[in-house]
Amino acid sequence: HLRSGRRKMAEQQKKKLEVVQTLDSDESCQTFVLHEEDHTLGNALRYMIMKNPDVDFCGYSVPHPSEHKINLRIQSRGPPAADILRRGLTELNALCEHVLNTFEGAVEEYKMNQATENTEPMETG
């Protein structure tokens, strides 16, 4: 029973990232399938990858609105597409961390200013 339960759990947990295998063994040109993702990640990741000077093409598509996955195609000028994808994900993660830290800092600064304004005595005139 335990094995069949584990097998069912494994079948239910889809791979998050899949590499589409082609007959051509050129690693600089590959298609990746990102499961449970949509335009939010697709467009941001495409933007980050296209900033890389080693990239000739990067595009993504959502095969069908009822399918929760995106197909991401990368063509580079030599480096393996998997390395390009990894770098794009790392850079996008760093950008998101920066935005989050900047936002949280601004919220804290706002809260401190609000607290200071509320504790200052009001002038009567």
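Look above for the structure.
Residues numbered from 1 in each chain as written. Predicted model: local features only at pLDDT ≥ 70, side-chain atom pairs only at ≥ 80, totals over all residues. Heavy atoms only, no water.

## Details of unusual backbone geometry
Thinking step 1. The phi angle at glutamate 36 is positive, at roughly 60 degrees, despite the residue not being glycine.
Thinking step 2. Tracing the backbone shows glutamate 36 in the loop between β2 (29-35) and α2 (39-50). (Helix = DSSP H or I, 4+ residues; strand = E, 2+ residues; numbered from the N terminus.)

## Some remarks on the environment of valine 55
Thinking step 1. Structurally, valine 55 is set in strand β3 (residues 55-61).
Thinking step 2. Classification of valine 55 by relative accessible area gives buried; the value is 5%.
Thinking step 3. C-alpha separation for the pair valine 55 and cysteine 29, spaced 26 residues apart in sequence, amounts to 9.9 Å.
Thinking step 4. If we ignore the near neighbours within four places in the chain, the residues touching valine 55 are Ile49, Met50, Gln75, Ser76, Arg77 and Ile84. (Buried < 20%, exposed > 50% of the residue type's maximum accessible area, 1.4 Å probe, protein only. Contact = heavy atoms within 4.5 Å.)

## A short note on α2
Residues spaced three or four apart along an α-helix point in a common direction, a consequence of the helix completing one turn every 3.6 residues.
Thinking step 1. For α2, built from twelve residues, the straight-helix expectation of 16 Å at 1.5 Å per residue is met to within 8% by its first-to-last C-alpha distance of 16 Å.
Thinking step 2. All buried positions along α2 are accounted for by Leu41, Gly42, Leu45, Met48 and Ile49. The buried residues of α2 occupy an angular sector of 140 degrees when the element is viewed end-on, so they sit on one face.
Thinking step 3. On the buried face of α2, the contacting elements are β2, β3, β4 (69-76) and α3 (81-119).
Thinking step 4. Residue aspartate 38 occupies the N-cap position of α2, its side-chain oxygen lying 3.0 Å from the main-chain nitrogen of threonine 40. (Expected span 1.5 Å × (residues − 1). Arc of directions from axis to C-beta. Polar contact = N/O pair within 3.5 Å; in protein donor to acceptor, adjacent residues only side chain to side chain.)

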